[in-house]
Each structure stands twice: as C-alpha cells, then as structure tokens.
Amino acid sequence: MSKIIIDVTPDFFEQSALPKDIKKKFKKQLVFLKENPRHQSLKIHKLEGSDFWEFYVDDFYRCVFQQEGNVYRLYFVGTHKLIDRFK
C-alpha cells in the first residue's frame, strides 16, 4: 500500500476557529486517516451527488475531502450542517 499523503487546500486554515476539544479530536482522526483510512471511527463515505467525501471528527463535526490515489486533499472541517454546502 502506498504511503498516505494529507494535503490541504489554501483556504483550509482560514476557516473559523474550531473549539479546542474538536481540534484535538480532528488531530486524532488525521492519524487514523494517515495510518488506516478504513478505520471504523472515520466512517468515510461519499457525499451524495458530489465528488466529495467526508470523515467523522465526532458526532457533530465532519471533514470534507477528495481522494486522488494516495492523496487525501482536505477542504473543510466543520459541523455536519455546514457540510451540506458541498453536496
């Protein structure tokens, strides 16, 4: 299996600040993504009607990404409600 590469879009870090506990959870999920994208806590699935995918940060926060081979390009992390704009 190829090494997983995590990439971010230029405006990824310009998003509104996440709560401290969510940042911690997000970092943990990134480790899972990098080591095993099939980790059950990620719950990766395609957003219906789009070219985007998402993984769970927790029950309320998600991260939207696209995958090209072994590259996972992150676009947004936020509440599930805000993710709807990618559909």
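Just above sits the structure.
What comes next concerns the included structure. These numbers were taken from a predicted model, which means no experiment stands behind them.

## Re the nonpolar core
The nonpolar side chains of soluble globular proteins are, as a tendency, buried together. Formed by 15 residues in total, the largest nonpolar core has its most connected members in F26, F55, V57, C63, L74 and V77. Among residues more than four places away in sequence, those in contact with L74 are I6, D7, V8, T9, F12, F26, L30, L33, F55, C63, V64 and F65.

## Here's the deal with the pattern of salt bridges
All told, the structure shown has 4 salt bridges when counted by the stated rule. K25 is the partner of D58 in a salt bridge, and the nearest nitrogen-oxygen pair spans 3.3 Å. Of this pair, D58 sits in the loop between strand 3 (53-56) and strand 4 (61-68) while K25 sits in helix 1 (residues 20-35), and the two are 33 residues apart along the sequence. The buried category is assigned to D58, whose relative accessible area is 15%. Notably, a salt bridge pairs E68 with R73, separated by 3.3 Å at the nearest N-O pair. What you see here is one network of salt bridges that share partners, running through D7, E68 and R73.

Each value, and the rule that gives it
- Residues numbered from 1 in each chain as written.
- Predicted model: local features only at pLDDT ≥ 70, side-chain atom pairs only at ≥ 80, totals over all residues.
- Heavy atoms only, no water.
- Core = buried A, V, L, I, M, F, W, Y, C linked by side-chain atoms within 4.5 Å.
- Buried < 20%, exposed > 50% of the residue type's maximum accessible area, 1.4 Å probe, protein only.
- Contact = heavy atoms within 4.5 Å.
- Salt bridge = Lys/Arg side-chain N within 4 Å of Asp/Glu carboxyl O.
- Helix = DSSP H or I, 4+ residues; strand = E, 2+ residues; numbered from the N terminus.

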